[in-house]
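# An overview of the molecular structure
Take a look at the letters that make up each chain.
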Amino acid sequence: MIVSRLAYPLNGALRQLAQQAARNNNNIVRRQMSGIVYRSGAFKPKPEEMPFGLFAILCAVIPGLFVGATISKNVANFLEENDLFVPSDDDDDED
């Protein structure tokens, strides 16, 4: 019931915004993606690549792994200290 009371004014406001956008449509600059060829049909040059791409990936992944491992270790210690989750000793294979 409350949602239906709120929906009518919101729909009216959205209609007004759409009408204003339609009136001001001439002021919008549209960007056109041209792809890999020029209008003449010639291919555009290949974009420049970063020479240290693999290095950048390693610089992002390795610290992320260390931070994730540290967080999980701290959470596991917290759970064990507060007796929320304690691994059982029965899992050891002592024959």
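Residues numbered from 1 in each chain as written. Predicted model: local features only at pLDDT ≥ 70, side-chain atom pairs only at ≥ 80, totals over all residues. Heavy atoms only, no water.

A few words now on the overall build of the protein chain. Each helix and strand counted, the protein chain has 2 helices and 0 strands in total. Residues counted as buried form 0% of the 95 residues belonging to the protein chain. A total accessible area of about 9800 Å² is found for the protein chain, and carbon and sulfur atoms account for 60% of it. (Helix = DSSP H or I, 4+ residues; strand = E, 2+ residues; numbered from the N terminus. Buried < 20%, exposed > 50% of the residue type's maximum accessible area, 1.4 Å probe, protein only. Areas by Shrake-Rupley, 256 points an atom, 1.4 Å probe, with all protein chains shown as cover.)

Attention shifts here to the UniProt feature "transmembrane region" (unreviewed entry) in the protein chain. The positions UniProt marks with the feature "transmembrane region" (unreviewed entry) are residues 52-71. As annotated, residues 52-71 comprises 95% helix and 0% strand, and the C-alpha atoms at either end are separated by 29 Å. (UniProt positions renumbered as here; feature names shortened; annotations may be inferred.)

On the surface, L54, I57, L58, V61, I62, L65 and F66 cluster together into a nonpolar patch covering about 730 Å² of accessible area. Positionally, V61 belongs in helix α2 (residues 53-81). (Patch = residues over 30% accessible without salt bridge, like charges linked within 9 Å, V, L, I, M, F, W, Y side chains within 5 Å. Salt bridge = Lys/Arg side-chain N within 4 Å of Asp/Glu carboxyl O.)

Right, let's get into unusual backbone geometry. Here D83, not a glycine, exhibits a phi torsion of approximately 55°, which is positive. With respect to the helices and strands, D83 occurs in the segment after α2. Note on D83: relative accessible area 61%, which makes it exposed.

The first and last C-alpha atoms of α2 sit 43 Å apart over 29 residues, in line with the 42 Å expected at 1.5 Å per residue. Immediately beyond the C-terminal end of α2, within one or two residues, lies D83, with a positive phi of roughly 55°. (Expected span 1.5 Å × (residues − 1).)

Tracing the backbone through its elements, the reader meets A42 in the loop between α1 (2-23) and α2. According to the relative accessible area criterion, A42 is partly exposed, its value standing at 38%. The contact partners of A42, leaving out residues within four places of it in the chain, are I36 and V37. (Contact = heavy atoms within 4.5 Å.)

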